[in-house]
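Structural description and commentary
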Amino acid sequence: MRFPAVLIVAALAVPSALEAQSLRGQLTDSVTRAPLPGAFLTLVDEHGVEKARTITNGSGEFLLTAPAAGVYRLRSKRIGFRPYVSPPLTLSAGGTSSYNAVIDPIPVALSQVVVQGERQCDVEAGASVAAVWEEVHEALAAVSWTSRDPGYWYAITRFERETTPGGRARAPDSTWRDDGYRRVPIKSVPPAQLEREGFVVVDSDGWTYHGPDADELISDAFLRTHCFETKSGRGETEGLIGLSFTPARGRTLPDITGTLWIDRQTAMLHHLDFTYAHLPEDLFAPRAGGRIEFLRVPSGAWIVRDWVIRMPEAQMKQRPMAMGTQAEVVGFKEVGGSALEIKTRAGIIVYRSDTTAAVLASAPPAAELPAHAPPSPVPGSDAPAPVPAPPPVPGRARRNPNLIEGPEIEASTALDAYALVQEARPLWLHSRGVVSIQDPSAGVLQVYLNGMQFGDVNRLREFRLSEIREVRFYGAADAQQRFGTGHAGGVIEVSTGVVAPSGGEPIAAEPSPPPAPPPAPPPAPAPFDSTRARETRRSRAGNSNVLKAEEFEGSTAIDVMALVQEFRPTWLHSRGVTSIRDQSAGQLRVYLNGVSAGDVNQLREIRVSDVKQLLFLSAAQAHARYGVGHEGGVIEVLTK
């Protein structure tokens, strides 16, 4: 049987409209008022159908072009946060409209809404399935968009291998390089064709196996033909949440079954495991399938980092007792690859694997081209001609796996500490899962700033790269030895500033003010330094369940909702539906001076200037103080 290659690089031609109607603007955070770079935005029509997609630049600015004049909404879905949808926006033919979007950074707590075993053939029907699917869909849509963007240059290594039925290689791998723009690692046939013919097609040339690409996984055809359920990871997938899928009842064509895994804490798409089902000739091959690993790079784009498809080779053999013949697996053919390096047209590295230097130096090029000849432009595309491919990257010294410092920080294109860790040490962010029944938060990865507890891993987004001296990771044992019990999830410690000189003199000193002339009026107060004030507030932070006035003095927040979003955003994590009879039982409640004030939206009605202290009570603490019906927890506000 033949196994034709099914990994196809597609060249997509985009027709240009005679008249374009555009929407431009800026995306900012409602709490910090800072621009949001590397965020995806979509333009959806009145029926909620996506019509355009883009990513914000380094200043949080965007430009979207609609296919026709009409009424649209701007939608922004940051992975791990609640989506933002704008009011209706009217775009006139040939015109350009402006709209600045301000987004409330309210995290989504997936670990609180996932229910094991809830199977849905409508992906939006069940609460847990819909919540996980929203995060998965956004990441897959970003993978699809990135693969079509002609602005990224890829260095990819591909391989083929033949194995025994048990997986032992029969010969050395065949490897080669595939470099250039618009490289799509896995590109399947159109979703409608897969729905009609299945994922394995038999013809006169043999069996053709199709791998699932991002376009297929988010297509209406795939959603129509599959059922979904959520599951919790175990073993290798500990700390992950899975969205598993199986062919819908009655579908007998060759198909796939598998699981899309996302991180429980960050909601980032991690990888896809899949196997082929309903193979032709009733072939039994449980190892037939593959794995696709995804990664969000610091620029905000998403890529397929590693992939492999395992296709069985079969022969017809005689059944025992002269009962006819049956197909039997005699081996497997595996094809796959890895992204080594990705650069922009300007030569800025947005991703580089740990093995890039060695592979780029040793693997043969994909074609005999001149040393710096640019690849040919994509046929039918009106994108500008590609610039020459960047040269191979020189080798690097061996890195400390538990430390990011100096040259590595300076060479990074990340904007904040979270993106830095994601780029340089992504394994640090893997959740350790629940390690204690009595304290479900005991396994949460914690962040320390200059030796003081600062919060969970999401606080890393608050450190600009220019402020960081080094970032160090402590495993569970080291963290508990250094910081005490309750650190089973490990610790990421961020050190800011510069190293003090060996002498006893300070790094910098305030200049002495000149003597004031006797008749001069008193000097004006020094201007407010928000950075210094913020660092002072951080140093005062102690108990993560208490927020006192001395910690938030100098805050620019006007109401308590904005104050909590700024200092304790994890208090706002939704606990989901916890009771079928009482749908509101899992909602976060607000108490004002011991008296129930309503749901969390009541925080917007309380001015910060009136507040003395805020206290967060977990479900157990809220039940003990205020009785049953407080499964979502309580935020208690004490006024002056």
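Some details on the environment of Ala-141
You can see Ala-141 is positioned in helix H2 (residues 127–148). On the basis of relative accessibility, which here comes to 7%, the residue Ala-141 falls in the buried class. Setting aside residues up to four positions removed in sequence, Ala-141 forms contacts with Arg-53 and Ile-218.

Details of unusual backbone geometry
With a phi close to 65°, Arg-33 is a non-glycine residue in the positive phi region. As for its placement among the helices and strands, Arg-33 is situated in the loop between strand E1 (21–29) and strand E2 (40–44). Positioned with a positive phi, Asp-282 is a non-glycine residue whose angle comes to about 55°. Note on placement: Asp-282 falls in the loop between strand E18 (269–277) and strand E19 (289–296).

Focus: helix H8 (residues 417–424)
In terms of burial, H8 is largely enclosed, as 7 of its 8 residues are buried. Along H8, the residues that are buried comprise Ala-417, Tyr-418, Ala-419, Leu-420, Val-421, Gln-422 and Ala-424. On its buried face, H8 sits against E19, strand E23 (403–405), helix H7 (406–411), strand E26 (468–474) and strand E27 (491–496).

Quick notes on the sheet that holds strand E25 (residues 452–456)
The mixed open sheet is built from 5 strands, whose spatial order is E23-E26-E27-E24-E25. Pairing within the sheet leaves two strands with one partner each, and these edge strands are E23 and E25. Pairs of neighbouring strands in the sheet enclose a mean axial angle of 20°, with direction left out of account. Pairing geometry for E26 and E27, over 6 bridges, is antiparallel. Looking at the pairing, Glu-470 lines up with Ser-495 of E27.

Looking at the nonpolar core
Taken as a class, soluble globular proteins show a tendency for nonpolar side chains to be buried jointly. Counting 89 residues, the largest nonpolar core has Tyr-276, Trp-302 and Leu-460 as its most contacted members. Per-element accounting of this core gives the leading share, 10 residues, to H2. Residues in contact with Leu-460, not counting those within four places in the same chain, are Asp-416, Ala-417, Tyr-418, Val-421, Val-447, Ile-492 and Val-494.

Structural notes on the packing of aromatic side chains
Each aromatic ring pair is characterised by the separation of its centres together with the angle its planes make. The full count for this structure, using the stated rule, is 13 aromatic pairs. Ring geometry for Tyr-209 and Tyr-276: centres 5.1 Å apart, planes at 70°, overall edge-to-face. Of this pair, Tyr-209 sits in strand E14 (residues 206–209) while Tyr-276 sits in strand E18, and the two are 67 residues apart along the sequence. Overall, the relative accessible area of 0% leaves Tyr-209 in the buried class. Since its relative accessible area comes to 6%, Tyr-276 is described here as buried. Look at Tyr-591 and Tyr-626: their rings are 3.8 Å apart centre to centre, the planes differ by 25°, and that puts the pair in the stacked class. Within this pair, whereas Tyr-591 is found in strand E29 (residues 589–592), its partner Tyr-626 is found in helix H13 (residues 619–626), the two being separated by 35 residues in sequence.

Topic: the side chain of Thr-225
Within the element layout of this structure, Thr-225 appears in the loop between helix H5 (220–224) and strand E15 (226–232). Within the structure, Thr-225 has its side chain in polar contact with the backbone oxygen of Ala-221 (distance 2.9 Å). Here the side chain of Thr-225 touches His-226 through a polar contact of 3.0 Å, side chain to side chain. Apart from residues lying up to four places away in sequence, Thr-225 is in contact with Glu-195, Thr-246, Pro-247, Ala-248 and Arg-251.

A short note on the pairing of strand E3 (residues 50–55)
By the bridge criterion, 5 bridges tie E2 to E3 in an arrangement that is antiparallel. Note that in E3 the partner of Thr-42 across the bridge is Arg-53. Connecting E2 to the next strand, E3, in antiparallel fashion are 5 residues, including Gly-48 with a positive phi near 80°.

Regarding the pairing of E19
The buried count for E19 comes to 7 of 8 residues, which makes it a mostly enclosed element. As paired strands, E18 and E19 are joined by 5 bridges and run antiparallel to one another. Residue pairing across strands places Thr-275 opposite Gly-289, the latter belonging to E19. Between E19 and strand E20 (residues 302–318), which pair antiparallel and follow one another directly, the connecting turn spans 5 residues, one of which, Gly-300, has a positive phi of 105°.

A few points about the sheet that holds strand E32 (residues 634–639)
Taken in spatial order, the 5 strands of this open sheet run E28-E31-E32-E29-E30, and their pairing is mixed. Single-partner strands in this sheet number two, and they are strand E28 (546–548) and strand E30 (595–599). Neighbouring strand axes in the sheet, compared pairwise and without regard to direction, differ in orientation by 20° on average. Taken together, the 4 bridges between E29 and E30 define a ladder with antiparallel strand orientation. Directly across from Val-590, in E30, lies its bridge partner Gly-598. In the packing of helix H12 (residues 560–567) onto the sheet, contacts are made with E28 and strand E31 (611–617), and the angle to E31 comes to roughly 60°. Sheet strands touched by H13: E29, E31 and E32. Its angle to E31, the strand with the most contacts, is close to 110°.

Parameters and conventions
Residues numbered from 1 in each chain as written. Predicted model: local features only at pLDDT ≥ 70, side-chain atom pairs only at ≥ 80, totals over all residues. Heavy atoms only, no water. Helix = DSSP H or I, 4+ residues; strand = E, 2+ residues; numbered from the N terminus. Buried < 20%, exposed > 50% of the residue type's maximum accessible area, 1.4 Å probe, protein only. Contact = heavy atoms within 4.5 Å. Pairing = 2+ DSSP bridges. Axes fitted to C-alpha atoms, helices over the stretch in contact; angles between N-to-C directions. Core = buried A, V, L, I, M, F, W, Y, C linked by side-chain atoms within 4.5 Å. Phe/Tyr/Trp six-rings, centres within 6.5 Å; stacked < 30°, edge-to-face > 60°. Polar contact = N/O pair within 3.5 Å; in protein donor to acceptor, adjacent residues only side chain to side chain.

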